[in-house]
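For reference, the chains in residue letters:
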Amino acid sequence: MQQRSLHHEYELYIEREIEAYKESVSRNVLLSIGDEAVASLDDQQQLALTELLVWQVVDGIIMRRLGLPGYAAWRSRRLRRLKAYRRPEHWGFAHDAPIVKASAATDAEPLHVLVSGTQSESSALFMAAHGWDVTAVESEADNMERVMAAACDAGITSRVHGFITNLGNFAPTVPLTAVVFTQHAFAGLSLDERARAIAVLQSATRDGGVHLVETIVAGHAALTLDELRASYEGWQISVEDDRGSAPTFVARKRAS
């Protein structure tokens, strides 16, 4: 099943690259490639030229021009990239960082994490590489494009679901096992709006689920520890040092 899936991913990759090339060049360039394809078929003494056959040859010419890898080389690169994404140090995480501990959680249910904020790319891809289904919420389209492009490059696009919206306007549609967000996830939200957003995430989190919050970004704390403690009353709370990074507020939901 994995082999078939990788072949399918490879075919999608080749199709995307070829279509992107076709959209980037003029009609005259495409016509010249078409002429080259027809000439190639004539050289092979093809008796019946169909439009489908010509376009297959056109795609082959474009693939060679772009230097696109064959399946074996692509597969090897894809597996190396996925292996790198699983390593905490690839993203600057310490081996005992809170997110690394969270990624190793075992549960019979599907593991689903919501990530939001300035570090959503690293958090989302690290968790996805470890088999989690990821909901990435970003207010900026450019940030989301980077997340999805990197997910595509590692072959984990199916595990990452991106939403371009303010966290205050988002409500999860699946039970969450973990939530990872930074101060910037609440940029522009009032105190009441932050409280409502956190309450929505808490309600969507399963018993035993964990929330990780970076407490300081660039020397500024939009969410103070006092506000976080008050927001997570009744949860098991700790503040963990992340070896040089900002301390992480960790809250685990107690069973009802």
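Summary of the structure given here. Bear in mind the structure is a predicted one, so any value in this text is a computation, not a measurement.

**So, the packing of aromatic side chains**
1) Next: Counting across every chain of the model gives 11 aromatic pairs.
2) Next: Between Y10 and Y71, the aromatic rings sit 5.5 Å apart at their centres with planes inclined by 75°, giving edge-to-face as the arrangement. Here Y71 lies in helix 4 (residues 71–85) and Y10 lies in helix 1 (residues 2–24), a separation of 61 residues in the sequence. For the pair shown, Y10 and Y71 are each scored as buried.
3) Next: Feature note: the residues Y10, Y13, Y71 and W74 constitute an aromatic cluster, connected by ring pairs.

**A short note on the packing of helix 4 against helix 7 (residues 141–154)**
1) Next: Relative to each other, helix 4 and helix 7 sit at 125°, their axes nearing to 8 Å. What the angle tells us is that helix 4 and helix 7 run oblique. Across the interface between the two elements, R77, R78, R81, L82 and Y85 from helix 4 touch A150, C152, D153 and A154 from helix 7.
2) Next: Looking at the contact of helix 4 with helix 7 residue by residue, the class counts come to 5 nonpolar, no polar and 4 charged.

**A few points about the side chain of S116**
1) Next: Take S116: it is sitting in strand 1 (residues 112–116).
2) Next: Within the structure, the side chain of S116 is placed 2.9 Å from the backbone oxygen of V137, a separation counted as a polar contact.

Thresholds, definitions, all that
Residues numbered from 1 in each chain as written. Predicted model: local features only at pLDDT ≥ 70, side-chain atom pairs only at ≥ 80, totals over all residues. Heavy atoms only, no water. Phe/Tyr/Trp six-rings, centres within 6.5 Å; stacked < 30°, edge-to-face > 60°. Helix = DSSP H or I, 4+ residues; strand = E, 2+ residues; numbered from the N terminus. Buried < 20%, exposed > 50% of the residue type's maximum accessible area, 1.4 Å probe, protein only. Axes fitted to C-alpha atoms, helices over the stretch in contact; angles between N-to-C directions. Parallel < 35°, antiparallel > 145°, perpendicular 65-115°, else oblique. Contact = heavy atoms within 4.5 Å. Nonpolar A, V, L, I, M, F, W, Y, C, P; charged D, E, K, R; others polar. Polar contact = N/O pair within 3.5 Å; in protein donor to acceptor, adjacent residues only side chain to side chain.

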